[in-house]
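Overview (structure and organization)
Residue-level listing of the chains:
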Amino acid sequence: MKRDNNAKRGSNAKRFVLKGGTIVDSRGERRAEVAIEGGVVVEVGEALSGDAIDAGGAVIAPGFVDLHAHLREPGKEEAETIETGSRAGAKGGYTALVAMPNTDPPQDSVAVVDFVREQGRRAGLVEVVPSGCITLGRQGEALAPMAELAAAGVRIFTDDGNGVQDELLMRRAMEYGRGLDVTLAQHCEVATLTKGAVMNECQCCTTLGLPGWPAVAEELMVFRDIELARITGARVHFLHLSTARSVDLVRAAKRDGLPITAEVTPHHLSLDETRLMSFDTVYKVNPPLRSPRDIAALRKGVLDGTIDALATDHAPHPRRDKELSLDQAPPGMLGLETALGVALGVLEIDLPHLVRIMSINPARIAGIEARHGRDIEPGAPANLVVFDPNITWQVAPDELASKSRNTPFVGMTLRGRVRHTIFGGDFTVLDGEAQR
Amino acid sequence: MKHLRSIPELGADGLTRLLELTNHMVEVNRRPVPKVPALRGRTVVSLFFEDSTRTRLSFETAAKRLSADTMTFSVSTSSVNKGESLRDTVETITDMGVDAFVVRHKSAGIPWQISDWTTAAVVNAGDGWHQHPTQALVDCFTVREARGCERFDGLTLTIVGDIKHSRVARSNIAAFSMLGAQIVLVAPPTLLPPDVAHWPVTVSHSLDDVVGRTDILYMLRLQSERMSQGHVPNLREYSERFGLDARRLAMLPSDAVVMHPGPMNRGVEMLIDPSALPNSLIHRQVANGVSVRMAVLFDLLAGESSAGNLREVAP
């Protein structure tokens, strides 16, 4: 599809004003109107002139940033494309998505990283921020060309889906990465302890006869990488933490002043291991859904600031893949369009804190804080979300913009819904409807 | 009952009902022509993703004695590995007009997935490490027959071996405890599931400690792959600690019985010739297998006319 760039320039050059909303950013909450023109915020104040867009009773915040989206392109376009994933992101209030590197081919070369970024530009719905692989082919054997990738704009490196098992290789990656001023994001899983695992190792897996994924397999690697960060000085980000002890380890590391950050997913904050009693593969995810005790610890970790970011681990899979047996079905669930509603539904969180974990902190971790997660003031790029924090709603799978349907949140009451998403001064979502 | 997928789902009432119904089927099997027209016109499909000749033959014999038509759909696990949709397979066979699937698969939960995709009844013939409900029915029926009692209050069932990977153990723990038995599990900790504290069982790591206080000694098969996975160092060590040998046989109370779900590993968990066991129920387990599976298929498929059909099978 060919886009008319002149038309686009024309649209975002036109001044409009968000009226009736409450701004929430790092400076807290305040009622004000926001005028946008030419892709940037031009004025914040009262009784501003320009075409009025209704934000009555809603929150105006910097657009959400997802540190963890599987957009599946290149390689698995049957599940999602960069365009459909971007649209799902826009509907969820996102203006930037960090694209995970487990594509085919993987994002371990400048060519693939450039392709992903360019496909994101073509779709034009969010900023697609490619991550790079830590190791070639995510095989955990040799470093990917991290300096080349960093020169091509990659700020965050991960072998997501595979934790880097080899301690020496991970140490080298941290040392090398520190010299490039990039962040290393780890999927924490000691693979020998999780071979064949389908669900949390717990009372439930004992009775269901499903192979268990013990919490210690995550915690060992969290501990290891905290200690490697201590001796290398590297910035380390922990992906999708799922256990109570992992939160404790990160809390202690932060107390020591180490440059550690961590994320948690909406599903690990809301769904527990007993979901697997239905044997529905939609609940198979890696790391697995954990115990109510872990859920409570993760929520506490978010509220006390130990956990920096809410990240979706949006993992689309086509129906036929999820219709395999539990041991063969791929792990993962959708997240982009439901993250806000789940977060507000399960967390007793104030709005400035919500905006920190969904926008400000992830923008900083992804290295895109110049364009996203910024305070709403004149000169800031107009990457914004307008959402109603108190509207409750239920997920209708057929209304999802994602190409896949593997959402575990069907039937759950979510709280908080996106009204408008503005990317580069353009409405990607207006009144809850995707504009392109 | 719409499906038979697990013992907990069947419940105590269902368990008792099927055991009673099995009595009728035993009588049918004693007749000179052990065949009744109860399920004439019904079709039962065996959908086996994992080889099991004895269970499959037991179900097919049961179906045939009730005059049902049978089909076998053997699926190699490799074709599923290639991404073949299980749902397509099930929907295609359902379209042929079948009444029941008898399913065996190496993954837990498959019978629940399949029952979402078909209108036919689903019988679990073993799903991974999870459940094997007809084996538990067979074992309960066999103990009832041997002891001449309906409930097992005061009896101790001792299950020995690879509990962790055993659907037979999980099914029998549920079924025997519903009937009042005390249950003791005997295994090295590596062959126990991670959290058995919430099960209605006690645990021992020494067969010698408990063998003298058991009424039903239930030996499980130890698969040789457990060695390569490091669950036990070697077979000799396992046999010495958890095998049934002449010394332990002598320690068993005189009225205790010995059971095994088969196939047996001679020289591993069974160190004496099973035909030399004085109180072995192993042959009765196999023989009762057909009657139990007749009861299950009858209960699921006879439907509206079940009362009339029951007269056909009644003496």
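Residues numbered from 1 in each chain as written. Chains lettered and ligands numbered in written order. Predicted model: local features only at pLDDT ≥ 70, side-chain atom pairs only at ≥ 80, totals over all residues. Heavy atoms only, no water.

1. A look at the overall build of chain A
So the rule is basically this: Secondary structure elements are taken from DSSP: a helix is a run of H or I of four residues or more, a strand is a run of E of two residues or more, and numbering for both begins at the N terminus. To get the radius of gyration, use the C-alpha atoms; to get the globule rule, take the number of residues to the power 0.38 and multiply by 2.2 Å. Burial status follows relative accessibility: with a 1.4 Å probe on protein chains alone, a residue under 20% of its type maximum counts as buried, one over 50% as exposed, and anything between as partly exposed. Every residue pair with non-hydrogen atoms within 4.5 Å of one another is taken to be in contact. For accessible areas, the Shrake-Rupley method is used with a probe of radius 1.4 Å. Any residue's cover is judged against the shown protein chains and nothing else. Here the positive residues are Lys and Arg and the negative ones are Asp and Glu; neither His nor the chain ends is included. For charged residues, the charge sits on one atom: NZ in Lys, CZ in Arg, CG in Asp, CD in Glu.
Helix and strand counts for chain A stand at 13 helices and 21 strands. Since a compact globule built from 436 residues should have a radius of gyration of about 22 Å, the 21 Å found for chain A is in line with a globular shape. Its C-alpha atoms put chain A at 60 × 45 × 45 Å along the principal axes. Buried positions account for 63% of the 436 residues belonging to chain A. For chain A, contacts bridging at least 24 residues in sequence account for 75% of all contacts bridging at least 6. A total of about 15,500 Å² of accessible surface is found on chain A, and carbon and sulfur atoms cover 50% of it. The distance from the centre of the 49 positive side-chain charges to the centre of the 59 negative ones in chain A is 2 Å.

2. Details of the pairing of strand β10 (residues 127-130) of chain A
Residue and element names in this part refer to chain A. Cut-off, in case you're wondering: By this definition, two strands are paired if DSSP reports at least two bridges between them.
On β10, burial covers both faces: E127 and V129 on one face and V128 and P130 on the other are all buried. Pairing between strand β9 (residues 94-99) and β10: four bridges, direction parallel. Each bridged residue has a counterpart across the sheet, and for V98 the counterpart in β10 is V129.

3. Quick notes on the interface of chain A and chain B
Where we set the bar: Put simply, buried area is how much 1.4 Å-probe accessible surface two parts lose in total, over both of them, once they are put together. Think of a salt bridge as a Lys or Arg side-chain nitrogen and an Asp or Glu carboxyl oxygen that are within 4 Å of each other. Here a polar contact is recorded for every N or O atom pair within 3.5 Å, except that within protein the pair must consist of a potential hydrogen donor and a potential acceptor, and residues adjacent in sequence are included only if both atoms are side-chain atoms.
The partner chain B presents 26 residues to the 21 residues of chain A that form the contact. Summed over both sides, the interface of chain A with chain B buries roughly 1,900 Å², with 54% coming from carbon and sulfur. At the junction of chain A and chain B, the tally comes to two salt bridges. Of the charged contacts in the structure, one is a salt bridge between R87 of chain B and E323 of chain A, with a shortest N-O distance of 2.6 Å. There are eight residue pairs in polar contact (both at pLDDT 80 or more) connecting chain A and chain B. Mapped onto the side of chain A that touches chain B, the elements with two or more residues apiece are α6 (203-208) and α11 (319-322) of chain A.

4. Some words on a nonpolar patch on the surface
Residues and elements named next belong to chain A. For clarity, the cut-off: Within this analysis, patches are made of residues with over 30% relative accessible area and no salt bridge. Like charges are joined at 9 Å or less; nonpolar side chains (Val, Leu, Ile, Met, Phe, Trp, Tyr) at 5 Å or less.
Nonpolar side chains collect at one region of the surface, where L193, V216 and L220 lie side by side and expose about 220 Å² of accessible area between them. Looking at where L220 falls in the secondary structure, it is placed in helix α7 (residues 215-232). Among the residues examined, L220 registers a relative accessible area of 42% and is labelled partly exposed.

5. Things to note about the pairing of strand β3 (residues 100-105) of chain B
In plain terms, the rule: The handedness rule is simple: strands pointing away from the viewer, and a clockwise path from the first strand over the helix to the second, make the crossover right-handed.
Along β3 of chain B, six of the six residues are buried, which leaves the element largely enclosed by surrounding structure. In this fold, β3 of chain B hands off to helix α5 (residues 110-115) of chain B, which returns the chain to strand β4 (residues 121-127) of chain B; that crossover is right-handed.

6. A short note on the nonpolar core
Our working rule: Here, nonpolar core means buried Ala, Val, Leu, Ile, Met, Phe, Trp, Tyr and Cys residues that are tied together by side-chain atoms lying within 4.5 Å of each other. Here the bounds of each domain stem from an automatic or database domain assignment.
Residues L66, L137, I159, I163, F176 and L185 of chain B are the most contacted members of the largest nonpolar core, which totals 90 residues. Looking at this core, the element that brings in the most residues is helix α12 (residues 282-301) of chain B, giving ten residues. When residues of this core are sorted by domain, at least three fall in each of domain 1 (7-132 + 288-313) and domain 2 (133-285) of chain B. Counting 72 residues, the second-largest nonpolar core is a separate cluster that includes V59, L71, I349 and V418 of chain A.

7. Some words on the packing of aromatic side chains
All names here are of chain A. Defined as follows: Each Phe, Tyr or Trp ring (for Trp, its six-membered ring) is paired with any other whose centre lies within 6.5 Å, and the angle between the two planes then decides the class: stacked below 30 degrees, edge-to-face above 60, tilted in between.
Tallied over the full model, the rule gives six aromatic pairs over all chains. The interplanar angle of 65° and the centroid separation of 5.7 Å between the aromatic rings of F64 and Y94 together place this pair among those described as edge-to-face. Of this pair, F64 sits in strand β8 (residues 64-69) while Y94 sits in strand β9, and the two are 30 residues apart along the sequence. For the pair F64 and Y94, one class covers both residues: buried. An aromatic cluster of three or more residues is present, and its members are F64, Y94 and F387.

8. Quick notes on the domain arrangement of chain A
Residue and element names in this part refer to chain A. What counts is decided by this rule: The nonpolar class holds Ala, Val, Leu, Ile, Met, Phe, Trp, Tyr, Cys and Pro. Asp, Glu, Lys and Arg form the charged class, and all remaining residues, Gly among them, are polar.
Along its sequence, chain A is carved into domain 1 (5-59 + 379-431) and domain 2 (63-366). Taken over C-alpha atoms, the centre of domain 1 sits 26 Å from the centre of domain 2. In this assembly, 35 residues from domain 1 lie in contact with 48 residues from domain 2. Buried surface at the junction of domain 1 and domain 2, both sides included, amounts to about 3,100 Å², of which 69% is carbon and sulfur. In this assembly, domain 1 and domain 2 are joined by zero salt bridges. Linking domain 1 with domain 2 are 16 residue pairs in polar contact (both at pLDDT 80 or more). Counting residues per element, the ones that place at least two in the side of domain 1 that touches domain 2 are β2 (22-25), β3 (28-31), β18 (384-394), β19 (413-423) and β20 (426-430). Here the side of domain 1 that touches domain 2 gets eight residues from one element, more than from any other, and that element is β19. Residue composition of the side of domain 1 that touches domain 2, grouped by class: 18 nonpolar, ten polar and seven charged.

9. Let's talk about the side chain of N361 of chain A
Tracing the backbone through its elements, the reader meets N361 of chain A in helix α13 (residues 351-366). Aside from chain neighbours lying at most four places away, what touches N361 of chain A is D308 and R356 of chain A.

10. Details of helix α1 (residues 7-30) of chain B
All names here are of chain B. Selection rule: The length a helix should cover is 1.5 Å for every residue beyond the first. Axes are fitted to the seven residues ending at a residue and to the seven starting at it; the angle between these axes is taken as the bend at that residue.
Its 24 residues place the ends of α1 only 28 Å apart at the C-alpha level, less than the 34 Å of an ideal helix rising 1.5 Å per residue. At D13, α1 shows its maximal kink, close to 70°. Residues of α1 that are buried include every one of I7, L10, G11, G14, L15, L18, L19, L21, T22, M25, V26 and V28, and no others. The backbone nitrogen of E9 lies 3.1 Å from a side-chain oxygen of the residue at the head of α1, namely S6.

11. Here we look at the sheet that holds strand β5 (residues 40-45) of chain A
Residue and element names in this part refer to chain A. Keep this limit in mind: The axes used here are C-alpha line fits, helices contributing only the stretch in contact, and every angle between their N-to-C directions lies in the interval 0 to 180 degrees.
Read from one edge to the other, the open sheet built from four strands follows the order β5-β4-β1-β6, with strand pairing classed as mixed. Of all the strands in the sheet, the pair left with one neighbour each is β5 and β6 (51-54). Mean inter-strand twist for the sheet, computed between neighbouring axes without regard to direction, equals 30°. Direction of pairing for strand β1 (residues 16-19) relative to strand β4 (residues 33-37): antiparallel, over a ladder of three bridges. Bridging from a neighbouring strand, L18 pairs with V34 of β4.

12. Let's talk about the pattern of salt bridges
One pass over the structure, following the stated rule, counts 42 salt bridges over all chains. With a shortest N-O distance of 2.8 Å, E91 of chain B and R87 of chain B are connected by a salt bridge. Here R87 of chain B and E91 of chain B lie together in helix α4 (residues 86-95), a separation of four residues that amounts to about one turn. Here the salt bridges share partners, and the residues they tie into one network are K76, E78, R320 and D321 of chain A.

13. Thoughts on the environment of E348 of chain A
Tracing the chain through its elements places E348 of chain A in the loop between α12 (339-346) and α13. Expressed as a C-alpha distance, the spacing of E348 of chain A and K300 of chain A, which sit 48 residues apart in the sequence, is 9.8 Å.

14. Some details on the sheet that holds strand β5 (residues 156-160) of chain B
Residue and element names in this part refer to chain B. Read across the sheet, five strands follow the order β7-β6-β5-β8-β9 without closing on themselves; strand pairing throughout is parallel. Because the sheet does not close on itself, it has two edges, and the strands there are β7 (202-204) and β9 (257-259). The mean angle between the axes of side-by-side strands here comes to 20°, regardless of whether they run parallel or antiparallel. As defined by bridge partners, strand β6 (residues 182-186) adjoins β7 across three bridges and the pair is classed as parallel. Along β7, the bridge assignment pairs V186 with S204.

15. Structural notes on the packing of helix α6 (residues 133-147) of chain B against helix α7 (residues 167-178) of chain B
Residues and elements named next belong to chain B. Selection rule: Oblique is the label for any angle not covered by the other classes, which are roughly parallel (under 35 degrees), roughly antiparallel (over 145) and roughly perpendicular (65 to 115). Here a crossing is called left-handed whenever its near helix is offset anticlockwise from the far helix by less than a right angle, and right-handed whenever the offset is clockwise.
Relative orientation of the contacting elements α6 and α7 amounts to 50°, with a least axis distance of 8 Å. Between α6 and α7, the interaxial angle falls into the category oblique. Crossing handedness for the pair α6 and α7: right-handed. Across from P133, Q135, A136, D139, C140 and V143 in α6, the residues of α7 making contact are V168, S171, N172, A175 and F176. The residue makeup of the contact of α6 with α7, split by class, is seven nonpolar, three polar and one charged.

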